[in-house]
Amino acid sequence: HGKEERATGKGCSASRGCDPLMQTQHGRLQSRRTWIYQQISKELQMRTGAENLYRATSNHRVRETVALELSYVNSNLQLLKEELEQLDGSVDTCQHGSEGVAAPMIPLGLKETKELDWATPLKELISGHFGEDGASYEAEIRELEALRQAMRNPSRNEAGLELLAAYYNQLCFLDARFLTPARSLGLFFHWYDSLTGVPAQQRALAFEKGSVLFNIGALHTQIGARQDRSCAKGTSRAVEAFQRAAGAFSLLRENFSHAPSPDMSAALLCALERLMAAQAQECVFEGLLLPAPAAPSDGPAQLRLAQEAAQVAAEYRLVHQTMAQPPVCDYVPISWNALVCVKAEYFRSLAHYHAAIALCDGPLVAKGELPMHEQVFLQPLECCTPQGPALPQEPEERRRLGKAHLKRAILGQEEALRLHAVCRVLREVDLLQAVVAQALRRSLARYSELDREDDFCEAAEAPDIQPKTHHKPEARTPCLSQVKVADIFHRLGPLSVFSAKNRWRLVGPVHVTRGESGFGFTLRGDSPVLIAAVIPGGQAAAAGLKEGDYIVSVNGQPCKWWKHTEVVAQLKGVGEAGVSLQVVSLLPSSGPPGTGDRRPVLLGPGGLLRSQRERGCKTPAPARASPRALLGWRCKAKRDKSGDSAQPCTRGGAAVTVPDPQALPSPSESPGWP
């Protein structure tokens, strides 16, 4: 984790995480969230105890007292949840001078978690399964605990994303090395729901991985909301951040099941995906206004802006429909719904405003381009013709239709201000009110220019604007694989062999002398080197070596990570006295522990040479299983196949094999997605 040590700002570093007290707006919000989560947890414990007492007792007075206590606890819970809702609904005010230019965004709060003690289960597993001294891995365990502690408070920038991704990749290594379908670490992973603050716990490491992935998405939303969208660079970064957030929530929804907390349920993740897509689309529209908005006389550009604004409004209407459906409506803050409604009305009004500008200030359209321009407008619902309404060509008729569009723009902006005033949380967001009010003043000023005292004709009904975008921001998966980390428990050996998914016997030391035909075995592969074949009647066969054994020590030197050429060089350098080898032999997973000089040891994560299923072995039943359904991580096994052709040759009396290219990941690689 050397590259994580670089400084990322005052009071923060990638390896230490971030001190919330050293941060500004987000730090204070997150610190307050932490306190609220703790208070909600206490109140829930009190409510659980009171409910149990209420069910258990038959005393009338006791039941009345308990009912009163339950009412008091529920009131406290409601107040805490309202305060949490205000924090979740609060928009990011750090928009770097973009006031009056862009409406505020909705950032997500990070999920909070409790401290975790990795030492006991990992030491027991290393000692019992890997046959090594668990106490000798205290440094590695402390490194893992420090990484998790830093991950709890990441800085609100790219360094924080790298920290979360580094911890996520380490969890993938832990999953591959220490876990099997029949065994968990025995740890309870505690996480608080991001929206409700309700605590949830599971023994499944998948719950830890899913929560970290959720926080990666949430941190992307905060980074997107913090961007200065008054410049093209900031707008582009905001679009990418919201795309990454949508990708993280999509990845979580597609790969996890049985989520114990509402914020990780499929329905709510789908709503968050659509919300992030809408906010990305809004940033795309804002980017079209930069560096300079289209000139009023540029009719086609104004019509394009009208359709882009209508597309943003359509996205927000879809978000509102999703949020209104149960069970999402039970968990999403009311202020989110209100803000989504305000933005839907606001951008629909902007669509009519730009259409009015195109009609009133734009040049007359040539007959050849008229059908294309007419497609911008939608026919009324009672009209059955598929094409758009006929655009007037006379200046006076264009003025009247433009005035009708301005009227709809004004009505929409007034409705947006009304919705803003209804919500108590949004009333405190002056920036949102200022953005909509500025647009309303601009529409009113333009309407007054078009209005005439002798205009007694009834204004035409302005048609709706056809939503269309030339840049649809798609969800993008976070760059987890780009953050390279080394397996903290690298010393246990390559994941292809030394994981909890395998069992093996440690054989040796075995003394092998050189015969007339060499040592009598053929080697293949790297890290660890495999005995591919044993010559019958040779020195290796006499010493008890078998095909399929892995060499882990040569003359007392550990060689789990040695390359094929390094082992061959050691064998070539031995004299007539021979060589002392230690090897491990894979066992069926359900086989009994070995005895005698072959001591039982277990194998680790990574890609296996052969899976247990291929060997036809049954997985033993777990000793303890959680009664609740666990969060499941659905991922496809990724196995790389190496060539079977090996050409044995003799070098200095030792029969060796030219190794085929290995497809197994290097120890410095992070586990990737299938």
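Calculation criteria
Residues numbered from 1 in each chain as written. Predicted model: local features only at pLDDT ≥ 70, side-chain atom pairs only at ≥ 80, totals over all residues. Heavy atoms only, no water. UniProt positions renumbered as here; feature names shortened; annotations may be inferred. Helix = DSSP H or I, 4+ residues; strand = E, 2+ residues; numbered from the N terminus. Buried < 20%, exposed > 50% of the residue type's maximum accessible area, 1.4 Å probe, protein only. Contact = heavy atoms within 4.5 Å. Areas by Shrake-Rupley, 256 points an atom, 1.4 Å probe, with all protein chains shown as cover. Salt bridge = Lys/Arg side-chain N within 4 Å of Asp/Glu carboxyl O. Phe/Tyr/Trp six-rings, centres within 6.5 Å; stacked < 30°, edge-to-face > 60°. Lys NZ or Arg CZ within 6 Å of the ring centre and 35° of its normal.

Looking up the chain in an unreviewed UniProt entry gives the name Rhophilin Rho GTPase binding protein 1, with the organism given as Prolemur simus. Under Sequence similarities (unreviewed entry), UniProt gives the following word-for-word description of the chain: "Belongs to the RHPN family."

The number of helices and strands found in the chain is 17 helices and 16 strands. Evaluated residue by residue, the chain yields a buried proportion of 51% over its 674 residues. Taking as baseline every contact in the chain between residues at least 6 positions apart, the subset at least 24 positions apart corresponds to 78%. Summing over all exposed atoms, the chain offers an accessible surface of approximately 31000 Å²; the carbon and sulfur share of this is 52%.

Let us look at the pattern of salt bridges. In total, this model carries 21 salt bridges according to the counting rule given. Between Glu 208 and Arg 148 there is a salt bridge, and its shortest N-O distance comes to 2.7 Å. Within this pair, whereas Glu 208 is found in helix α6 (residues 205–226), its partner Arg 148 is found in helix α4 (residues 138–151), the two being separated by 60 residues in sequence. Across this residue pair, the class does not change: Glu 208 and Arg 148 are buried. The closest approach of N and O atoms between Arg 229 and Glu 286, which form a salt bridge, is 2.6 Å. Separated by 57 residues along the polypeptide, Arg 229 in the loop between α6 and α7 (232–255) and Glu 286 in helix α8 (residues 266–288) bring together distant segments of the chain. Residues Arg 229 and Glu 286 agree in their burial class; the two are buried. Connected via shared salt-bridge partners are Lys 123, Glu 138 and Arg 142.

Scanning all chains against the criterion turns up eleven aromatic pairs. Pairing Trp 118 with Phe 189 gives two aromatic rings, centres 5.9 Å apart and planes at 55 degrees, and the pair type is tilted. With Trp 118 in the loop between α2 (60–89) and α3 (119–129) and Phe 189 in strand β4 (residues 189–192), this residue pair connects regions lying 71 residues apart in the sequence. The two residues Trp 118 and Phe 189 agree in class, both being buried. One aromatic cluster is present, built from ring pairs that chain together Phe 130, Tyr 137, Phe 178, Phe 489, Phe 498 and Trp 504. When the ring centre of Tyr 137 is taken as origin, the NZ or CZ atom of Arg 491, which lies over that ring, is 4.1 Å away.

Omega for the bond connecting Pro 326 with Pro 327 falls within 30 degrees of zero, at 0 degrees, which places this linkage in the cis form. Pro 528 follows Ser 527 through a cis peptide bond whose omega is 0 degrees. If you trace the backbone, Pro 528 turns up in the loop between β8 (521–524) and β9 (529–534). Positive phi, close to 45 degrees, is recorded for Ser 527, a residue that is not glycine. Structurally, Ser 527 is set in the loop between β8 and β9. Take Ser 527: its relative accessible area is 11%, and that puts it in the buried class. If you check the backbone angles, Asn 555 has positive phi at about 55 degrees while not being a glycine. With respect to the element layout, Asn 555 can be found in the loop between β10 (550–554) and β11 (557–558).

The next subject is the environment of Pro 473. Turning to its location among the elements, Pro 473 is positioned in the loop between α14 (430–450) and β7 (499–512). The class for Pro 473 is buried, based on a relative accessible area of 8%. Taking the C-alpha atoms as reference, Pro 473 lies 6.7 Å from Gln 243; in sequence the two are 230 residues apart. Ignoring any residue separated from it by four or fewer positions in sequence, one finds Pro 473 in contact with Val 239, Gln 243, Ala 277, Ala 280, Gln 281 and Val 284.

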